[in-house]
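Chain by chain, the residues:
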Amino acid sequence: MSRYDKYGARDDRTLEDMDAGFIGFNNRLRPDQLPQGVLEVSKNGRCDRNGEWSVRLGADVKSSPLSTGTDALTLPFYLGLDTTTSITVTGTNTITISNFSGGGSATYADFPNTGYINISECSLGGVNGVHIYTKGANDTLVATGTGFTDGTDGTCTVVFPVLIDDAITNIYGSGKFSDPNSADNESYILLASDTQLIAIKTSSFTSGQSINATTYPIPYAAGVDNRSDIKILQAFNKVILFRKGGQTALECDLSINKIDANTSADVASTAIVAGRTYKIQTTGDSDFSTIGAASNTVGVVFVAHKSTTGTGTVREYPQFTEVPSGVYTQIEDINSPSGQTSSGADSTVTVNAAYSLLSKLKVGQELTVTNVGGLSGSQFSDPLAVGDTVKVSSIDLENENFKFFASVNPNQTNKSIELRTAIPQGLGFIHMPSPEFGILHQRRLIVPYQYDPDNSNASRNVYDELIVSDILDNNTYDKIYASFRFNAGSTDFTVGVVSFTEDSILIFNKNSIHRVSGTTNPINASSQVLTDEIGALARMSIVQVGKNVFFLSDNGVYSLEFLDEYNLRGTQTPLSESIQGTIDRINRRLASKSVAAYFDNRYYLAVPLDSSPGADDASANNALLVYNFLTQAWESIDQINTSPIFSYNNLIIAGKGERRGLYVVNNDGGVHLIAGNEAEFSNNAKNGFDTVITTIGSTLANSVLINGEMKTRMYTFNDIDRKRYNSFEIQSDSPIFGPTNYQIDFPTENIDSDTTLGTLQSYNNGVTLPAGEDVAIRGRIGNKRAYGGQFRIINKEGKPSIRAIKLSAAQTFRSTNKAE
């Protein structure tokens with residue numbers, strides 16, 4: 001192309017600039033200061049490895065496990081509009097209600113398009129109760145569910161429902177679980193509600209959109225009703241639910257073979273295992289009281305002590321119970337004068353003991369010898385003596401004995417020994433101090449020490465102290481030699497803890513960061529201050545990525561870098577420096593709700609922007625900030641444009657194989673895939689739609705177009721004079737899943753204006769860009785005069801990708817007068 005468009009004394013030189021790819025966005029600098037490939041705005045987009053900017057994959061609902069009939073109902077609703085109708089059950093899962101014929105004031109027109117109804121006095125089995133319905137054809141209401149009895153020409157009464165006070169009203173926490181003792185290492189996503197925990201089997205997620213995943217309800221013990229935030233941790237073959245406000249934690253020993261208490265096979269009474277929870281299925285002629293049940297009534301739930309004979313059957317029944325609390329029994333004596341059997345085959349000593357004591361022991365626990373009778377001297381190559389310590393190697397609850405290792409001769413039987421549990425080195429052991437969270441580190445649980453379990457969980461008014469459990473024991477803590485306090489007496493408190501290198505942890509306070517080393521033995525551990533200039537703002541924003549730990553602070557997203565065995569240093573400039581404009585919008589009142597995850601070379605940070613959703617703190621996180629480690633830039637602010645606005649309550653990495661992905665749980669109980677194997681997303685998600693749950697208990701997903709938007713840097717051609725912008729070219733393509741279309745705007749500065757240039761469709765002979773096609777569209781800008789200009793691309797259909805943008809202009813302002 002010629003350098004000039006005309007020749008003469010005042011030639012206008014043709015200027016050209018372009019972006020051949022995009023790496024991310026920056027809203028701290030002015031748009032005319034941005035380098036090539038950097039956007040001013042990127043909403044709901046991704047900068048892929050090939051440099052294209054594209055609309056992201058849609059959030060894709062995979063499960064909505066809160067069943068209708070037990071869910072709380074949403075307002076508004078009406079009372080007194082009841083009517084007698086005819087009802088038909090098709091198959092076993094669909095109710096059709098028609099012929100609103102009398103008995104009440106409601107007609108078909110009175111019912112909204114979708115909502116809740118209460119069916120009563122139905123002549124067909126399994127139908128009565130609360131259901132979600134939609135209006136069908138020919139003046140009918142259609143509801144779906146399970147357990148309905150086939151039939152036609154039934155009658156029922158339909159009314160608008162009232163609130164159910166004891167139903168599920170919220171999701172208070174979420175996490176994940178996998179059984180380490182299972183060969184397939186099945187993965188579950190866990191949702192904790194008011195009255196129960198729901199386990200969702202990730203392998204049951206089908207490719208493409210499906211909300212019929214396999215789910216398992218696991219109840220809380222009778223009398224436990226949770227109404228506060230829950231943090232979920234898997235440790236010591238248990239799932240532990242930490243609760244706020246000094247409430248005792250809940251625990252359950254989960255395993256794949258018993259997680260589904262409703263479909264697992266019955267167990268004969270002769271085969272039950274001591275220490276597990278069961279529900280009586282049939283009584284037969286067994287005396288269930290001998291194995292722990294209060295009676296032999298069908299439906300009774302009990303913890304088995306030992307098996308017995310009989311024909312009755314039981315079923316394993318997982319249930320969350322409160323961890324032991326109250327004053328800790330400091331010392332337990334195990335006195336068994338006879339019945340020990342020495343075995344030369346495995347060099348162990350078997351000790352008889354009562355079930356009540358055995359249930360308190362742990363494998364690996366140390367016991368002190370207080371007396372020996374025949375287990376010393378010539379029978380041992382290393383004789384046992386008073387004061388020696390031994391470690392528990394196995395526990396047999398059913399036969400009421402345990403074993404410890406010793407070098408013994410074969411067939412030494414009926415000897416006596418007396419043992420004692422470990423004596424605390426300080427002022428004594430305590431139970432778990434009702435913490436709000438905990439982490440697993442070096443076979444120990446580390447939790448905040450804010451409440452006193454010896455004093456009815458009264459607050460200690462100490463918010464910067466941690467305490468470490470005994471090895472493989474989540475409920476034994478030495479309150480003197482296993483506790484650490486940081487910045488005692490200063491204006492600071494503990495926000496979060498991270499298990500770092502093999503023998504150290506990082507403690508993130510609000511205004512400082514500390515490192516504790518030598519944690520293998522807490523007595524010998526030492527603490528050092530890494531910085532007292534910054535701290536963490538949100539516990540769940542702390543994520544370790546290789547040698548770095550990222551976290552949200554008051555000043556933005558920072559990182560700590562592990563340099564070598566002895567050095568851990570923090571970056572002076574926040575990682576979020578380039579998006580300070582967004583960081584400044586974070587709602588400080590709700591910022592502690594922020595959560596983060598690292599997946600597929602990206603750091604995802606969910607935050608509450610601006611006013612957030614409103615007064616509901618549980619739904620605070622309305623935006624997702626995405627940092628791409630491959631491009632070393634922030635690439636998008638994601639939001640889901642539903643009403644009410646979608647909330648990112650928690651980010652969970654779960655599943656295995658093709659199911660492994662990043663899932664988001666929202667406050668309405670939906671589990672949504674947002675990153676992972678593209679084949680697992682529905683065509684809707686691949687073609688520019690978010691499909692999400694926005695009403696608790698609903699199985700009707702909302703599908704909304706992703707409002708993707710990109711705004712380029714300001715093209716000034718490195719010249720502060722006014723230019724005449726005349727033409728552009730945009731190269732883009734459509735995915736193979738569907739056609740695309742987008743709007744093209746051209747905002748300018750000095751002279752300020754915002755011009756819509758048209759759509760891709762208008763430049764493509766009036767048709768959208770077909771699936772799997774690419775195009776280079778060219779257009780005229782109309783010689784708009786301005787200092788600088790930008791392109792804004794707004795998604796209108798599908799999931800378009802922008803490869804490159806080119807702009808042409810001519811320098812035109814030569815006057816020495818000011819530019820108005």
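Keep in mind that this is a model prediction, so the values were computed, not measured.

1. Here we look at the overall build of the chain
Scanning the chain from N- to C-terminus turns up 4 helices and 64 strands. The buried share of the chain, reckoned over its 820 residues, is 53%. As displayed, the chain offers around 34400 Å² of accessible surface, 46% of which is attributable to carbon and sulfur atoms.

2. Description of unusual backbone geometry
Following asparagine 750, the chain continues to isoleucine 751 via a peptide bond in cis, the omega torsion being 15°. Tracing the chain through its elements places isoleucine 751 in the loop between β59 (741–749) and β60 (753–759). Its identity as a non-glycine residue notwithstanding, asparagine 44 has a phi of 55°, on the positive side. Structurally, the position occupied by asparagine 44 is in the loop between β4 (41–43) and β5 (45–47). We note that arginine 443 has phi near 65°; this positive angle belongs to a residue other than glycine. Examined against the element boundaries, arginine 443 turns out to sit in the loop between β33 (439–441) and β34 (444–448).

3. Here's the deal with the nonpolar core
Grouped together as the largest cluster of nonpolar side chains are 51 residues, with contacts concentrated most on Tyr603, Ile730, Ile744, Phe791, Ile802 and Leu807. In terms of nonpolar packing, the next biggest core, distinct from the first, is built from 20 residues, Tyr188, Ile230, Ile232 and Val239 among them.

4. Details of the sheet that holds strand β22 (residues 277–282)
With respect to topology, 4 strands assemble into an open sheet ordered β21-β24-β22-β23, the strand pairing being antiparallel. Sheet topology places β21 (267–268) and β23 (301–303) at the edges, where each strand pairs with a single neighbour. In this sheet, strand β24 (residues 313–316) lies alongside β21 in antiparallel orientation, the contact comprising 2 bridges. Note on β24: the bridge partner recorded for alanine 268 is threonine 313.

5. Some details on the packing of aromatic side chains
Within the structure shown, the criterion is met by 19 aromatic pairs. One aromatic cluster is present, built from ring pairs that chain together Tyr715, Phe717, Tyr725, Phe728, Phe746, Tyr763 and Phe791. The positively charged end of arginine 460 is found above the aromatic ring belonging to tyrosine 449, 3.7 Å away from the centroid.

6. Quick notes on the side chain of lysine 238
Considering the arrangement of structural elements, one finds lysine 238 in strand β19 (residues 238–243). Of the polar contacts made by the side chain of lysine 238, one reaches the side chain of asparagine 474; its length is 3.1 Å.

7. Here's the deal with the environment of alanine 222
With respect to the helices, strands and loops of the structure, alanine 222 is situated in the loop between β17 (215–219) and β18 (230–235). Note on alanine 222: relative accessible area 80%, which makes it exposed. Residues alanine 222 and threonine 321, 99 residues apart in the sequence, show an inter-C-alpha distance of 8.6 Å.

8. Thoughts on a nonpolar patch on the surface
Among the surface-exposed residues, Ile480, Tyr481 and Ile523 lie close enough to one another that they form a single nonpolar patch of about 250 Å² accessible area. Residue placement: tyrosine 481 occurs in the loop between β38 (477–478) and β39 (483–485). Judged by its relative accessible area of 37%, tyrosine 481 is partly exposed.

9. Points about the sheet that holds β17
Reading across the sheet, the 4 strands line up as β14-β15-β16-β17 and stay open at both edges, with antiparallel pairing between neighbours. Strands with a single pairing partner mark the edges of an open sheet, and in this sheet they are β14 (171–178) and β17. Pairwise comparison of adjacent strand axes, ignoring direction, gives a mean angle of 25° for this sheet.

10. Digging into the environment of threonine 389
Position of threonine 389 among the secondary structure elements: in strand β29 (residues 389–396). Once you skip the residues sitting within four places of it in the chain, threonine 389 turns out to touch Leu367 and Thr368.

11. Considerations on the pattern of salt bridges
One pass over the structure, following the stated rule, counts 29 salt bridges. With a closest N to O distance of 2.8 Å, aspartate 464 and arginine 485 form a salt bridge. Of this pair, aspartate 464 sits in the loop between β36 (458–459) and β37 (465–468) while arginine 485 is found in strand β39, placing the two residues 21 residues apart along the sequence. Overall, the relative accessible area of 45% leaves arginine 485 in the partly exposed class. The partner of arginine 803 in a salt bridge is aspartate 733, and the shortest N-O contact between them spans 2.9 Å. Here arginine 803, found in strand β64 (residues 801–811), pairs with aspartate 733, found in strand β58 (residues 723–733); they are 70 residues apart in sequence, far enough to count as distant. Judged by relative accessible area, arginine 803 falls into the partly exposed class, the value being 31%. Classification of aspartate 733 as buried rests on a relative accessible area of 11%.

12. Quick look at the environment of glycine 738
Note on placement: glycine 738 falls in the loop between β58 and β59. Looking at glycine 738, the relative accessible area reads 4%, which means it is buried. Taking C-alpha positions, glycine 738 is 8.8 Å from leucine 769, a pair spaced 31 residues apart along the chain. With sequence-adjacent residues up to four places away left out, glycine 738 is seen in contact with Asn687 and Ala771.

13. Regarding the pairing of β64
With 9 of its 11 residues buried, β64 lies for the most part within the structure. Bridging between strand β1 (residues 14–19) and β64 involves 6 bridges; their strand directions are antiparallel. Bridge pairing in β64 places aspartate 19 opposite isoleucine 805. In terms of strand pairing, strand β6 (residues 53–55) meets β64 through 2 bridges, oriented antiparallel.

14. Side note on the confidence of the model for the chain
Low pLDDT marks stretches whose predicted atomic positions should not be read closely. Summing up the model confidence of the chain, the mean pLDDT is 81 and the portion of residues at 70 or higher is 79%. Low pLDDT (under 50) marks residues 68–81, which in the prediction has 39 contacts with non-local residues, meaning those over four places away or in another chain. Below pLDDT 50 for its whole length, residues 161–166 participates in 17 contacts with residues either more than four positions away or in separate chains.

About the thresholds
Residues numbered from 1 in each chain as written. Predicted model: local features only at pLDDT ≥ 70, side-chain atom pairs only at ≥ 80, totals over all residues. Heavy atoms only, no water. Helix = DSSP H or I, 4+ residues; strand = E, 2+ residues; numbered from the N terminus. Buried < 20%, exposed > 50% of the residue type's maximum accessible area, 1.4 Å probe, protein only. Areas by Shrake-Rupley, 256 points an atom, 1.4 Å probe, with all protein chains shown as cover. Core = buried A, V, L, I, M, F, W, Y, C linked by side-chain atoms within 4.5 Å. Pairing = 2+ DSSP bridges. Phe/Tyr/Trp six-rings, centres within 6.5 Å; stacked < 30°, edge-to-face > 60°. Lys NZ or Arg CZ within 6 Å of the ring centre and 35° of its normal. Polar contact = N/O pair within 3.5 Å; in protein donor to acceptor, adjacent residues only side chain to side chain. Patch = residues over 30% accessible without salt bridge, like charges linked within 9 Å, V, L, I, M, F, W, Y side chains within 5 Å. Salt bridge = Lys/Arg side-chain N within 4 Å of Asp/Glu carboxyl O. Axes fitted to C-alpha atoms, helices over the stretch in contact; angles between N-to-C directions. Contact = heavy atoms within 4.5 Å. pLDDT = per-residue confidence, 0-100.

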